[in-house]
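Below, each chain spelled out in residue letters.
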Amino acid sequence: MTGYFLRRTLRAVITLWVAVTFFFFLLRVDVNIGLLALNMNASQEAIDSFNTRWGFDKSLLDQYWLWITGALQGDFGYSFRDARPAADWVAERLPKTLELSLAGFALMIVIGVPAGLAAAIRNGTATDRTIMSLAAAGYSLPSFVLGLALMYTFAVYLQLLPSTGSTSFAHLILPAATYGLTGSAGIARFTRAAMLEVLGKPYIAAARASGAPPAAVVLRHAVPNAAIPVVTMLGFSVGQLVGHAVIVETVFAWPGLGQALISAVANRDLAVVQVLVVVFATFMIGANLLVDILYGVLDPRIRTAGGANG
Amino acid sequence: MVEVTTVRKAAGTPWSLRLAAGWLILVLILALVGPAFAPYGVNEQDFAARFAPPVLAGGTWAHPFGTDQIGRDLFSRLINAIRISLLLALLGTLIGMVIGSVLGMIAAHFRGWIEDVIMALVDFQAALPFIIFAIAALAVFEAGFWTFLLILGIAGWERYARLVRALVLQAQNDGYADALDSLGAHPVRIYLWHILPNIFGAVSVQMTINFPETILLETGLSFLGIGIQPPHTSLGLLVSDGRPYIFQAIWLVAFPGAAIFLTTLSVSLLGDRARDRADILTRKD
């Protein structure tokens, strides 16, 4: 049992290390970072002093060693733009991203799970078809188009809510709704499929045959069993949420990590890009680890058998 | 089994699928021949007609879909953007399919450490959000058309690799590969001429899932301003260009946004249908 959790944790740590290393070298593929970060007209001296100042004159392996030993002590280098520690960017903007992501994630579950359950219970009826058509539409609607459509409807046309910014609760509504609606389509589809599978099991037929009321069969026997794959799927969808966060934050000028990442990329501010990439990778790997551990707790068969993939 | 298929046929093709197919054909025709018939150039400016509304909102037929802040004709820009976005999505899907399938076949053919390395790469790719890869890569490489296409192409390769590896392992047990092998056929010949046609159905279903995702990735990155760069245009870049003018010219966002939505929706609907059919064909019970 402890062996399972230790193996999973070790695996997550190794994945994170590989990811961090990969991104470190990817971001240094272009040898002439100075030219990229300054501009095409920069003099050779300016480029040289830039490279010396930020340590780009050292060998790649030396740079890597300095960076990784620094990172382990919480030093992620400095922004090229304002010379502040890159980690400050994360500290400043993380609360905003968490606020939006948690609100959006909660909405995703509140909309997606009941919709999927309703579609599965009313399988084959007009309710099912309506919900699944909406889900197919939601799945195909890019979050930035949905975000702008909501912004136009509620901020421009009805003038009920602010269009951009993050200073009040009203500012949170549109971005969180965009985030939640886009994500709920996938959840509804998956919940429906998981629920239909459980409803087809012999023990459900047995429960029904025993004369249990239909609502009790669904609530007491079907939902708990369908919950395991749905919880797993929610954990694994954190990766897509990172993508949503970047786009939704940009649409609504929400000052979070995603928006910071895009402006750092535009400014070629590599130290900031690097730390943000590490933060996003940590989120996703951490969420996957959490799912693995939860799964092991919920389903003893997995930890004893070692799981499907080790 | 047989009953299910006959009932489906008797019910006919649902209108939603007909519309989806119709839209895709229209979009393909626009992408192929549209730019030749576009009334204006992509960057042709008509300062006298800035923010001209579309016909539906009281505009004139001179600019049926309206114009933007410097008087560029949205209809002409839209046709060109559809061409670029479709081209990127199609080629991107194909590149991912080829990379993933080749690696999947290599893994299944050689087994041993080669398979371990490839599958470790697959797990690694699946463990991280692809959009972060794409953004990091676009931070260092100049975002030219080909670089961007390659990045879009890499998206999703790991799922093809997993799928093809599993399918090839299954095919190797089917006997026909063994038979060809004992006849002295070259492995490359066996894979390309015999195994590939057998697994292509499943691979093409995966492509119908990958294609809309590639459109969403491309338009998303272009919307963020780090994908396709002007003077080229893409549906995502058009939405991004129109965004500051959402208060006075909603059509600049609405038309390209709708084009992305309808295209991804159509491919998804047809893909779902193909997947249902494939399930019926392959289900063993």
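Since the structure is predicted, the reported quantities are computational estimates derived from the model, not experimental observations.

## As for the overall build of chain A
Each helix and strand in chain A was counted, giving 14 helices and zero strands. In chain A, the succession of α and β elements from N to C terminus is α-α-α-α-α-α-α-α-α-α-α-α-α-α. Dimensions along the principal axes, computed over C-alpha positions, put chain A at roughly 85 × 60 × 30 Å. Relative to its full complement of 310 residues, chain A shows a buried share of 49%. Within chain A, counting contacts between residues at least 6 apart in sequence, those at least 24 apart form 72% of the total. For chain A, the accessible area works out to roughly 14,800 Å², and carbon and sulfur atoms hold 67% of it. Taking the average location of the 20 positive side-chain charges in chain A and that of its 16 negative ones, the two points are 17 Å from each other.

## Observations regarding the overall build of chain B
On a plain count of helices and strands, chain B comes out with eleven helices and zero strands. Taken from N to C terminus, the helices and strands of chain B fall in the order α-α-α-α-α-α-α-α-α-α-α. Along the longest, intermediate and shortest principal axes, the C-alpha atoms of chain B span 75 × 55 × 30 Å. Restricting the contact set of chain B to residue pairs at least 6 apart, pairs at least 24 apart contribute 71%. With the model as given, the accessible surface of chain B reaches about 13,700 Å², and the carbon-plus-sulfur share is 67%. With 18 positive and 20 negative side-chain charges, chain B shows a separation of 5 Å between the mean positions of the two kinds.

## Quick notes on the UniProt feature "transmembrane region" (unreviewed entry) in chain B
With numbering matched to this structure, UniProt assigns "transmembrane region" (unreviewed entry) to residues 20–42, 86–110, 130–155, 190–209 and 245–270 of chain B. Note that residues 190–209 of chain B is 100% helix and 0% strand, and that its end C-alpha atoms are spaced 27 Å apart.

## What about the UniProt feature "domain: ABC transmembrane type-1" (unreviewed entry) in chain A?
Within this structure's numbering, the places UniProt gives as "domain: ABC transmembrane type-1" (unreviewed entry) are residues 94–291 of chain A. Helix and strand shares over residues 94–291 of chain A are 84% and 0% respectively, and the end C-alpha atoms of the span are 22 Å apart.

## A few points about helix α6 (residues 145–154) of chain B
Within α6(B) the residues assigned to the buried category are Phe145(B), Phe148(B), Leu149(B), Ile151(B), Leu152(B) and Gly153(B). On its buried side, α6(B) packs onto α3 (74–110), α5 (130–140) and α9 (187–223) of chain B.

## A short note on the UniProt feature "transmembrane region" (unreviewed entry) in chain A
All names here are of chain A. What UniProt calls "transmembrane region" (unreviewed entry) maps, in this numbering, to residues 12–29, 102–121, 133–157, 169–191 and 270–291. Overall, residues 102–121 shows 100% helix and 0% strand. The separation of its end C-alpha atoms is 28 Å. For residues 133–157, helix accounts for 92% and strand for 0%, while the C-alpha atoms at its two ends are 27 Å apart.

## What about the interface of chain A and chain B?
For an interface, size is often stated in terms of accessible area lost upon the parts coming together. With 45 residues of chain A at the interface, the matching set in chain B holds 38 residues. With both chains or domains summed, chain A and chain B bury close to 3,600 Å², and 79% of this area falls on carbon and sulfur atoms. Counting across the interface, chain A meets chain B through two salt bridges. Salt-bridge contacts for Asp272(B) lead to Arg189(A); the nearest nitrogen and oxygen are separated by 3.1 Å. Between the two partners, chain A and chain B, sit five residue pairs in polar contact (both at pLDDT 80 or more). Of all the secondary structure elements, the ones that give two or more residues to the side of chain A that touches chain B are α1 (2–26), α6 (126–140), α7 (143–157), α11 (238–251), α12 (257–266) and α13 (270–298) of chain A.

## Quick look at the nonpolar core
One broad trend across soluble globular proteins is that nonpolar side chains are buried collectively. Ranked by size, the top nonpolar core spans 125 residues in total, and within it Leu261(A), Ile135(B) and Leu221(B) carry the most contacts. Taken domain by domain, the makeup of this core includes at least three residues from each of domain 1 (1–87) and domain 2 (92–302) of chain A. Ignoring any residue separated from it by four or fewer positions in sequence, one finds Leu261(A) in contact with Val273(A), Leu276(A), Val277(A), Phe280(A), Ile132(B) and Ile135(B). Within the second largest apolar cluster, 18 residues are counted, among which are Val168(B), Ala171(B), Ala177(B) and Val203(B).

## Here's the deal with helix α8 (residues 169–199) of chain A
Bending of α8(A) peaks at approximately 30° at the position of Ser184(A). With 22 of its 31 residues buried, α8(A) lies for the most part within the structure.

## Structural notes on unusual backbone geometry
The linkage connecting Pro230(B) with the following residue, Pro231(B), adopts the cis geometry, with an omega of 10°. With respect to the helices and strands, Pro231(B) occurs in the loop between α9 and α10 (235–242). In this structure, Ala253(A) is a non-glycine residue whose phi angle is positive, near 50°. Position of Ala253(A) relative to the elements: it lies in the loop between α11 and α12. A relative accessible area of 31% means that Ala253(A) is categorised as partly exposed. Even without glycine at this site, Arg111(B) takes up a positive phi of about 50°.

## Here we look at the pattern of salt bridges
Residues and elements named next belong to chain B. The final tally for this structure, using the stated rule, is twelve salt bridges over all chains. When the shortest N-O distance is used, the salt bridge between Glu-115 and Arg-165 registers 2.6 Å. Residue Glu-115 is found in helix α4 (residues 112–126), and its partner Arg-165 is found in helix α7 (residues 157–173); the two are separated by 50 residues along the sequence. Overall, Glu-115 belongs to the buried group, its relative accessible area being 8%. The closest approach of N and O atoms between Glu-213 and Arg-159, which form a salt bridge, is 2.7 Å. Placement of Glu-213 in helix α9 and of Arg-159 in helix α7 is noted, with a sequence separation of 54 residues between them. Glu-213 gets classed as partly exposed once you look at its relative accessible area, which sits at 28%. Judged by its relative accessible area of 31%, Arg-159 falls in the partly exposed class.

## Description of the domain arrangement of chain A
All names here are of chain A. Looking at chain A, the domain boundaries give domain 1 (1–87) and domain 2 (92–302). The gap between the C-alpha centroids of domain 1 and domain 2 is 32 Å. The interface of domain 1 with domain 2 comprises 24 residues on the first partner and 21 residues on the second. For the interface between domain 1 and domain 2, the tally reads two salt bridges. Residue Arg-8 is joined to Asp-292 by a salt bridge in which the shortest nitrogen-to-oxygen separation is 3.2 Å. Remark: the boundary between domain 1 and domain 2 carries four residue pairs in polar contact (both at pLDDT 80 or more). Looking at the side of domain 1 that touches domain 2, the elements that each hand over two or more residues are α1 and α2 (33–37). When residues in the side of domain 1 that touches domain 2 are grouped by element, the largest group, ten residues, is from α1. Its residues placed into classes, the side of domain 1 that touches domain 2 shows 16 nonpolar, four polar and four charged.

Parameters and conventions
- Residues numbered from 1 in each chain as written.
- Chains lettered and ligands numbered in written order.
- Predicted model: local features only at pLDDT ≥ 70, side-chain atom pairs only at ≥ 80, totals over all residues.
- Heavy atoms only, no water.
- Helix = DSSP H or I, 4+ residues; strand = E, 2+ residues; numbered from the N terminus.
- Buried < 20%, exposed > 50% of the residue type's maximum accessible area, 1.4 Å probe, protein only.
- Contact = heavy atoms within 4.5 Å.
- Areas by Shrake-Rupley, 256 points an atom, 1.4 Å probe, with all protein chains shown as cover.
- Lys, Arg positive; Asp, Glu negative; His and termini not counted.
- Charge placed at Lys NZ, Arg CZ, Asp CG, Glu CD.
- UniProt positions renumbered as here; feature names shortened; annotations may be inferred.
- Buried area = accessible area lost by both parts, 1.4 Å probe.
- Salt bridge = Lys/Arg side-chain N within 4 Å of Asp/Glu carboxyl O.
- Polar contact = N/O pair within 3.5 Å; in protein donor to acceptor, adjacent residues only side chain to side chain.
- Core = buried A, V, L, I, M, F, W, Y, C linked by side-chain atoms within 4.5 Å.
- Domains from an automatic or database assignment.
- Bend = angle between axes of the 7 residues up to and from the residue.
- Nonpolar A, V, L, I, M, F, W, Y, C, P; charged D, E, K, R; others polar.

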